[in-house]
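# Architecture at a glance
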Amino acid sequence: MSNPLVIGSDSMTNQRFSKPMLAVAALLALAGCSNGQNQSNDSASSDATETAKTDSASTDDNVLRIATEGAYAPFNYTNADGTLGGFDIEIANAICADMQVTCEIMAQDWDGIIPGLKAGKYDAIVAAMSVTPERAQQVAFTDPYFSNALVFLAKKDSIFDPSNSSDIDSHSIAAQRSTISSQWLEKAYPKADMKLYDTLSNAFLDLGSGRVDAMISDKLPAIEWLSSPSGSNYVLKGDEIDINDNFAIAVRPNDALQAKINTSLSNIKANGTYEKINQKYFAVPASATLTAAPAVDSAAK
């Protein structure tokens, strides 16, 4: 460490600094070095503590911390009492049971769900997350646990026809922000008048209130909404859109948890647990898919 007071042996130096002053300067220099070392040691200790906390949280074999959105029915939703429910939650609990660990499932806003995983707030994401190349650069995905298709919705008496590209460009269309639905629409129809929402619930709310003409959504949340009183005057429009969209569980890259979850996912499919949960949520009522539009018949083939 360099000292701002340079002590030399020439007569000029001895004249400028008396012995008491030299002693003070030396003490200051030693104090400065000592403080610097202490600060360095404190910083290293703090870093080590934080690393230890992170390592301890991520290597607890008895608890699996899982994030979901809690606003994407029927996959995940928040009940009136604040508890979480839905297909994702039951799949997560079934995987935890097979792994013989305790599930700790928490709600996380969609926009922050991958950053939260990377920051170590939780160990995995089970939230109807589509596998995309962009996301695969940030997280590691398990085997798929669900395959998805996209659909358009509009009022029963609406002339909106998504098979006609000019109809898509000339109508306001709702979608949830940062989802495969909004990304597909933006790419396929860049001129479309998109209205983006933070949650799917808010998008459905504006569709039901007539503030938008139509909406694009994952098929099953759409059918869930069509089965509700709010969606009783709405129908699917046009064919299903097959985009090779698969939902998978996200973990941090190079995490051994990926293989463990894959094993348990395979186990619950083999022992019938997965099919039982699937039928509970996705045995679709015929009334939710029937429309007056001929295009729906072709979608049902």
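Residues numbered from 1 in each chain as written. Predicted model: local features only at pLDDT ≥ 70, side-chain atom pairs only at ≥ 80, totals over all residues. Heavy atoms only, no water.

Right, let's talk about the pairing of strand β8 (residues 172-176) for a bit. Taking burial as the measure, the five residues of β8 include five buried ones, the bulk of the element. Neither face of β8 is left uncovered, since the one carrying Ser172, Ala174 and Gln176 and the one carrying Ile173 and Ala175 both have all their residues buried. Across five bridges, the pairing between β8 and strand β9 (residues 193-197) is parallel. Along β9, the bridge assignment pairs Ala175 with Leu196. With helix α7 (residues 180-188) bridging β8 and its parallel neighbour β9, the resulting β-α-β unit is right-handed. Of the pairings in the sheet, the one linking β8 to strand β10 (residues 214-218) comprises two bridges and is parallel in character. When the sheet's bridge partners are listed, Ala174 is paired in β10 with Met215. (Buried < 20%, exposed > 50% of the residue type's maximum accessible area, 1.4 Å probe, protein only. Helix = DSSP H or I, 4+ residues; strand = E, 2+ residues; numbered from the N terminus. Pairing = 2+ DSSP bridges. Right-handed = clockwise from strand over helix to strand, strands pointing away.)

Right, let's get into the confidence of the model for the chain. This prediction gives the chain a mean pLDDT of 81; 74% of its residues lie at or above 70. Taken together, the stretch residues 1-59 has pLDDT below 50 and engages in 17 contacts with residues farther than four places along the chain or on a different chain. Considering only residues more than four positions removed or in separate chains, one finds that residues 290-301, a stretch of pLDDT under 50, has twelve contacts. (pLDDT = per-residue confidence, 0-100. Contact = heavy atoms within 4.5 Å.)

With that settled, the discussion passes to helix α3 (residues 87-99). Here α3 spans 18 Å end to end across 13 residues, near enough to the 18 Å set by a 1.5 Å rise per residue. All of the buried residues along α3 are Phe87, Asp88, Ile89, Ile91, Ala92, Ala94, Ile95, Cys96 and Met99. (Expected span 1.5 Å × (residues − 1).)

Reading across from one edge, β2-β3-β4 is the order of the three strands in this open sheet, with antiparallel pairing throughout. Each edge of the open sheet carries a strand with a single partner, namely β2 (71-72) and β4 (84-85). The pairing of strand β3 (residues 76-78) with β4 spans two bridges and is classified as antiparallel. Across the sheet, the residue bridging to Tyr77 is Gly85, located in β4.

Attention now goes to unusual backbone geometry. For the bond running from Ala73 to Pro74, omega is 5 degrees, close enough to zero to count as cis. Summarising the element assignment, Pro74 is placed in the loop between β2 and β3. Even without being a glycine, Ser178 presents a positive backbone phi close to 60 degrees. If you trace the backbone, Ser178 turns up in the loop between β8 and α7.

Before going further, it helps to spend a moment on the packing of α3 against helix α11 (residues 273-282). At a minimum axis distance of 10 Å, the contact between α3 and α11 shows a crossing angle of 165 degrees. Taken together, the axes of α3 and α11 lie roughly antiparallel to each other. When you trace α3 past α11, the crossing you get is right-handed. Of the residues in α11, those touching α3 at Phe87, Glu90, Ile91 and Ala94 are Thr273, Tyr274, Ile277, Asn278, Lys280, Tyr281 and Phe282. Residues belonging to the contact of α3 with α11 are distributed by class as follows: seven nonpolar, two polar and two charged. (Axes fitted to C-alpha atoms, helices over the stretch in contact; angles between N-to-C directions. Parallel < 35°, antiparallel > 145°, perpendicular 65-115°, else oblique. Left-handed = near helix turned anticlockwise from the far one by under 90°. Nonpolar A, V, L, I, M, F, W, Y, C, P; charged D, E, K, R; others polar.)

A few words on the pairing of strand β7 (residues 140-155). The element β7 is extensively covered by neighbouring structure, given that twelve of its 16 residues are classed as buried. Relative to strand β11 (residues 234-251), β7 runs antiparallel, the two sharing eleven bridges. Residue Leu153 lies in a different strand from β11, and its bridge partner there is Leu236. Here β7 runs beside β10; their pairing, made up of five bridges, is antiparallel. Bridge pairing links Phe152 to Ile216 in β10.

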